[in-house]
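# Residue-level structural notes
Residue strings, one per chain:
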Amino acid sequence: GAGVSQSPRYKVAKRGQDVALRCDPISGHVSLFWYQQALGQGPEFLTYFQNEAQLDKSGLPSDRFFAERPEGSVSTLKIQRTQQEDSAVYLCASSLASNEQFFGPGTRLTVL
Amino acid sequence: QKEVEQDPGPLSVPEGAIVSLNCTYSNSAFQYFMWYRQYSRKGPELLMYTYSSGNKEDGRFTAQVDKSSKYISLFIRDSQPSDSATYLCATPQRGGYQKVTFGTGTKLQVIP
């Protein structure tokens, strides 16, 4: 079947704009993760969902970042009032329980 | 100090060479270790997953863990141009679900 998909693949936003990034996990995967990957760095954990429950949001850098997964499948990461330091690749991963995480291709966000 | 440290490279080798990629970690409580491969503009994909000290082999890839020195290595034999990618060492921070901590990643280029 299809892997994890993310949209859009590229997003350019002016500073102060709100953005919404979408993740479609592999069908049936209970767990969903969001990571932020700055240029030249490894991915950094943002938040974790088990079904529709957000069980860990300790990595979200500020209250401008908000994630949801209302029906336990598709997830949206929203960033309000974007800042230049938000420029990064946002990766989504899904897994069955605590098994291997499968990553999507990421959304590259550029804030001007 | 980051929990997982990795030389960012870049590392450039001729085709057929043996490649050695290394990481150190700071928390002796870490028990599981992973190596991910990330091609340009793609998400990371899991290469190797190890638990105990010692070696684990999978085709041309060998993962080695030395818990006494908190040192993790990935060896690639008979390197190919298709191995050109960024290699990320990683560890899950806690059991139950894999909130993964990644190293910076080492960019490898295998020259034909």
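What comes next is a walk through the structure. (Residues numbered from 1 in each chain as written. Chains lettered and ligands numbered in written order. Predicted model: local features only at pLDDT ≥ 70, side-chain atom pairs only at ≥ 80, totals over all residues. Heavy atoms only, no water.)

### Digging into the interface of chain A and chain B
Counting residues at the interface gives 23 residues for chain A and 18 residues for chain B. Both faces considered, chain A and chain B share a buried interface measuring about 1600 Å² in area, 50% of it formed by carbon and sulfur atoms. One can count one salt bridge joining chain A with chain B. The closest approach of N and O atoms between Asp-56 of chain A and Lys-99 of chain B, which form a salt bridge, is 3.6 Å. Within the residue set of the side of chain A that touches chain B, elements represented by two or more residues are strand 4 (31-37) and strand 5 (44-50) of chain A. (Contact = heavy atoms within 4.5 Å. Buried area = accessible area lost by both parts, 1.4 Å probe. Salt bridge = Lys/Arg side-chain N within 4 Å of Asp/Glu carboxyl O. Helix = DSSP H or I, 4+ residues; strand = E, 2+ residues; numbered from the N terminus.)

### Brief notes about the state of the cysteines
Residues and elements named next belong to chain A. On inspection of all chains with the given rule, the structure shows two disulfides over all chains. Across the disulfide, Cys-23 is cross-linked to Cys-92 (sulfur-sulfur distance 1.9 Å). Since a negative S-S torsion denotes a left-handed disulfide, the Cys-23-Cys-92 link at about -65° is left-handed. Pair noted here: Cys-23 is in strand 3 (residues 19-24) and Cys-92 is in strand 9 (residues 88-95), with a separation of 69 residues, a long-range link. (Disulfide = S-S within 2.5 Å.)

### Some thoughts on the environment of Tyr-10 of chain A
Mapping Tyr-10 of chain A onto the fold places it in strand 2 (residues 10-13). What makes Tyr-10 of chain A partly exposed here is its relative accessible area of 48%. Placed 60 residues apart in sequence, Tyr-10 of chain A and Pro-70 of chain A show a C-alpha to C-alpha distance of 24 Å. With sequence-adjacent residues up to four places away left out, Tyr-10 of chain A is seen in contact with Arg-108 of chain A together with Arg-41 of chain B. (Buried < 20%, exposed > 50% of the residue type's maximum accessible area, 1.4 Å probe, protein only.)

### Regarding the pairing of strand 11 (residues 106-111) of chain B
All names here are of chain B. Covered by surrounding structure in strand 11 are Thr-106, Leu-108 and Val-110 only, the residues Lys-107, Gln-109 and Ile-111 on the alternate face being uncovered. One ladder, built from four bridges, connects strand 2 (residues 11-14) with strand 11; its direction is parallel. By the bridge assignment for strand 11, Val-13 is matched with Val-110. By the bridge criterion, three bridges tie strand 9 (residues 85-92) to strand 11 in an arrangement that is antiparallel. Bridging from a neighbouring strand, Tyr-87 pairs with Thr-106 of strand 11. (Pairing = 2+ DSSP bridges.)

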